[in-house]
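# Working through the structure, step by step
The chain contents come next:
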2 protein chains.
Amino acid sequence: MIPETLCKSISYSIEAGGKRLRPVLLLAVMEAFGAKSEKGLDTACAIEALHTYSLIHDDLPSMDDDDIRRGKPTNHKVFGEAIAILAGDALLTMSFSFILDDSRLNAEEKMQVASLLSKSAGPAGMVAGQAEDMEAEGAELTKDQLEAIHDKKTGQLLQCSVVAGGILAGASAHELESLKRYAKHIGIAFQIQDDILDITGDQQTLGKPVGSDVSNNKTTYPALLGLDGAKEELFRHVAAAKHELAKLQHETAVLEQLADYIISRNH
Amino acid sequence: MIPETLCKSISYSIEAGGKRLRPVLLLAVMEAFGAKSEKGLDTACAIEALHTYSLIHDDLPSMDDDDIRRGKPTNHKVFGEAIAILAGDALLTMSFSFILDDSRLNAEEKMQVASLLSKSAGPAGMVAGQAEDMEAEGAELTKDQLEAIHDKKTGQLLQCSVVAGGILAGASAHELESLKRYAKHIGIAFQIQDDILDITGDQQTLGKPVGSDVSNNKTTYPALLGLDGAKEELFRHVAAAKHELAKLQHETAVLEQLADYIISRNH
């Protein structure tokens, strides 16, 4: 049984909403390949749980020290630091249970997806991204350095979602490569739009404070390329993502719409 | 690639030593069942990595706020809280990679062991134990309540080590039950000896401050049963652990010695 406070803390962050982009991507890939998306539900939950753990830990006072997330006080603001750390630990651990105990997957599928998840989230993936992002605060980064940090911090898990959908739908190695490149491009596009919204968005719609990149001395795409240059770069990556989809002989309309959504989103 | 500071922080805690009780138990079970212990090496590393993550997070200022571990400054004292949290996150994530990417195991073995690990370490296991242990500070617990907390906080992962060794050695369901009870008894015995050493040990040998249970208002076995009563309870559990071993038709001499070691250990 899960202790009451811990359970409330976990539920609080899971139920805080968010775009659910990672699970949606996974399920959309499965449907594009003609597979039943039900088969991917537990893996989709696993990836969302793991993403939520990363937000809880990143928001901690010793990390990014954020008070607001998804329009609500951050987990540690409500439950305290200790429970917030444990809720993150629990979500990370649970994400593997979700996949490994999923009766809809065979042993080979579980292993492939869980192994991909642990690599994407581990010390050479998402955790590395957070460490490098904090170390880089105040430093002037080149565009390549910025892209490398974002690739780890958010890109790897996005790629994991898309590729996991492909694995569960029985995609070929060649198709998985295209899917991975699609995910890579929308991951970068997503980050550029994040940076743009931090300048042009409003707190109410975004659900988090604007202008935090400047106040945290973070290198951003608009800072490197100017606002128009950043928008151009954004469109370039969305086009490249669609180009990858065109190589697949599948029903990729929804995946195209998801790429377009990244440009049009205002939160 | 793992960022340099993160890598140093992970290595610092892994190389700080410790008894390596969990990996030793796993490998000893495999040898007792006549299996080659090499097959269990990566799983043993996974469990030790996961155990080390739990120590790093438990020591954090917002948790148990400990400065010394294994005779050395705790991870956050050396690397700061942010990197300590990330090093713990990394070790937890890596522990699943170690098992899932182990070429010596087949898909079924990987799944069983990784699933057991995630359950033992998750929000109804080890993480629950830490949450309940913190909540219980200052409260007067009964022996049953104390045992239930320790079962989650340290017992589950010890049981996971022993049962994983059995799984990898091809033990029957019946044998796995005996192994689990053996582990349960030595887990409790281990905790009782921990509580006794907190009173009778010395900091130099223990590698951590003595008397911390009293100063942290923690319920302990000596507090509930007196020092002699606690020692009796310790011997009772070690005898019960050996009784379980006697049911197995295997070479359990090393596992018996490990049970005895718990009584004789002074750190």
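Residues numbered from 1 in each chain as written. Chains lettered and ligands numbered in written order. Predicted model: local features only at pLDDT ≥ 70, side-chain atom pairs only at ≥ 80, totals over all residues. Heavy atoms only, no water.

## Details of the pattern of salt bridges
Opposite charge on two side chains allows them to pair when their charged atoms are near. Applying the stated criterion to the full structure yields 40 salt bridges over all chains. A salt bridge links lysine 119 of chain A to aspartate 101 of chain B, with the nearest nitrogen and oxygen atoms 3.4 Å apart. Taken together, the residues lysine 119 of chain A in helix 6 (residues 107-121) and aspartate 101 of chain B in the loop between helix 5 (81-100) and helix 6 (107-121) connect one chain to another. Where glutamate 137 of chain A meets lysine 218 of chain A, a salt bridge forms, and the shortest distance between an N and an O atom there is 3.9 Å. Linking glutamate 137 of chain A in the loop between helix 7 (126-135) and helix 8 (143-168) with lysine 218 of chain A in the loop between helix 11 (212-215) and helix 12 (221-247), this pair joins segments that are 81 residues apart in sequence. Accessibility expressed as a relative area gives 36% for glutamate 137 of chain A, which makes it partly exposed. Residues joined in a network through salt bridges with shared partners are Asp64, Asp133, Glu137, Lys153 and Lys218 of chain A. (Salt bridge = Lys/Arg side-chain N within 4 Å of Asp/Glu carboxyl O. Helix = DSSP H or I, 4+ residues; strand = E, 2+ residues; numbered from the N terminus. Buried < 20%, exposed > 50% of the residue type's maximum accessible area, 1.4 Å probe, protein only.)

## Quick look at the packing of aromatic side chains
Residue and element names in this part refer to chain A. Taken as a whole, this structure holds three aromatic pairs over all chains when the rule is applied. For the ring pair tyrosine 12 and phenylalanine 79, a centre distance of 5.6 Å and an interplane angle of 70 degrees mean the geometry is edge-to-face. Separated by 67 residues along the polypeptide, tyrosine 12 in helix 1 (residues 4-14) and phenylalanine 79 in helix 4 (residues 75-79) bring together distant segments of the chain. On the basis of relative accessibility, which here comes to 21%, the residue phenylalanine 79 falls in the partly exposed class. If you follow arginine 265 out to its NZ or CZ, it ends over the ring of phenylalanine 190, 3.8 Å from the centre. (Phe/Tyr/Trp six-rings, centres within 6.5 Å; stacked < 30°, edge-to-face > 60°. Lys NZ or Arg CZ within 6 Å of the ring centre and 35° of its normal.)

## Topic: the relation of the copies chain A and chain B
Screw-axis analysis of chain A against chain B gives a translation of 0.0 Å along the axis, an RMSD of 0.0 Å, and a rotation angle of 180 degrees. Such a combination of rotation and displacement between the chain copies is what one expects of a two-fold axis. For chain A, the smallest separation between a C-alpha atom and the rotation axis is recorded for alanine 107 of chain A, amounting to 2.9 Å. The share of interface residues of chain A whose copies in chain B are also at the interface is 100%, consistent with both copies meeting through the same surface. (Least-squares fit on C-alpha atoms with pLDDT ≥ 70 in both. Contact = heavy atoms within 4.5 Å.)

## Here's the deal with the interface of chain A and chain B
Between chain A and chain B, the residue contacts involve 45 residues of the former and 45 residues of the latter. Of the roughly 3,600 Å² buried between chain A and chain B on both sides combined, carbon and sulfur atoms contribute 72%. The interface formed by chain A and chain B holds two salt bridges in total. Counting across the chain A and chain B interface gives 10 residue pairs in polar contact (both at pLDDT 80 or more). (Buried area = accessible area lost by both parts, 1.4 Å probe. Polar contact = N/O pair within 3.5 Å; in protein donor to acceptor, adjacent residues only side chain to side chain.)

## Observations concerning helix 8 of chain A
Residues and elements named next belong to chain A. The largest bend in helix 8 comes to about 50 degrees, at glycine 155. Counting buried positions along helix 8 gives 20 out of 26 residues, so the element sits mostly inside the fold. Of the residues trailing helix 8, glycine 170 is marked for its positive phi of about 75 degrees. (Bend = angle between axes of the 7 residues up to and from the residue.)

## A look at the packing of helix 12 (residues 221-247) of chain B against helix 13 (residues 253-264) of chain B
Residues and elements named next belong to chain B. Helix 13 packs onto helix 12 with a crossing angle of 175 degrees between their chain directions and a minimal axis gap of 10 Å. Classed by the angle they form, the pair helix 12 and helix 13 counts as roughly antiparallel. Of the residues in helix 13, those in contact with Leu234, Phe235, Val238, Lys242 and Leu245 of helix 12 are Leu255, Glu256, Ala259, Asp260, Ile262 and Ile263. Taken together, the residues of the contact of helix 12 with helix 13 sort by class into eight nonpolar, no polar and three charged. (Axes fitted to C-alpha atoms, helices over the stretch in contact; angles between N-to-C directions. Parallel < 35°, antiparallel > 145°, perpendicular 65-115°, else oblique. Nonpolar A, V, L, I, M, F, W, Y, C, P; charged D, E, K, R; others polar.)

## Focus on the UniProt feature "coiled-coil region" (unreviewed entry) in chain A
UniProt feature "coiled-coil region" (unreviewed entry): in the numbering of this structure it lies at residues 231-258 of chain A. Within the segment residues 231-258 of chain A, helix and strand shares are 82% and 0% respectively, and the terminal C-alpha atoms sit 17 Å apart. (UniProt positions renumbered as here; feature names shortened; annotations may be inferred.)

## Structural notes on unusual backbone geometry
All names here are of chain A. Even without a glycine there, the phi angle at arginine 20 is positive, about 55 degrees. Mapped onto the fold, arginine 20 is located in the loop between helix 1 and helix 2 (21-32). On the basis of relative accessible area, arginine 20 is assigned to the partly exposed category, the value being 27%. Of note, arginine 70 is a non-glycine position whose phi angle comes to about 55 degrees, a positive value. Looking at the secondary structure, you find arginine 70 in the loop between strand 1 (68-69) and strand 2 (72-73).

## What about the nonpolar core?
The biggest cluster of nonpolar side chains holds 158 residues, and the ones touching the most others in it are Leu25, Tyr182 and Leu255 of chain A together with Leu25, Tyr182 and Leu255 of chain B. In contact with tyrosine 182 of chain A, other than residues within four places in its own chain, are Leu25, Val162, Ala241, Glu244, Leu245, Leu255, Leu258 and Ala259 of chain A. (Core = buried A, V, L, I, M, F, W, Y, C linked by side-chain atoms within 4.5 Å.)

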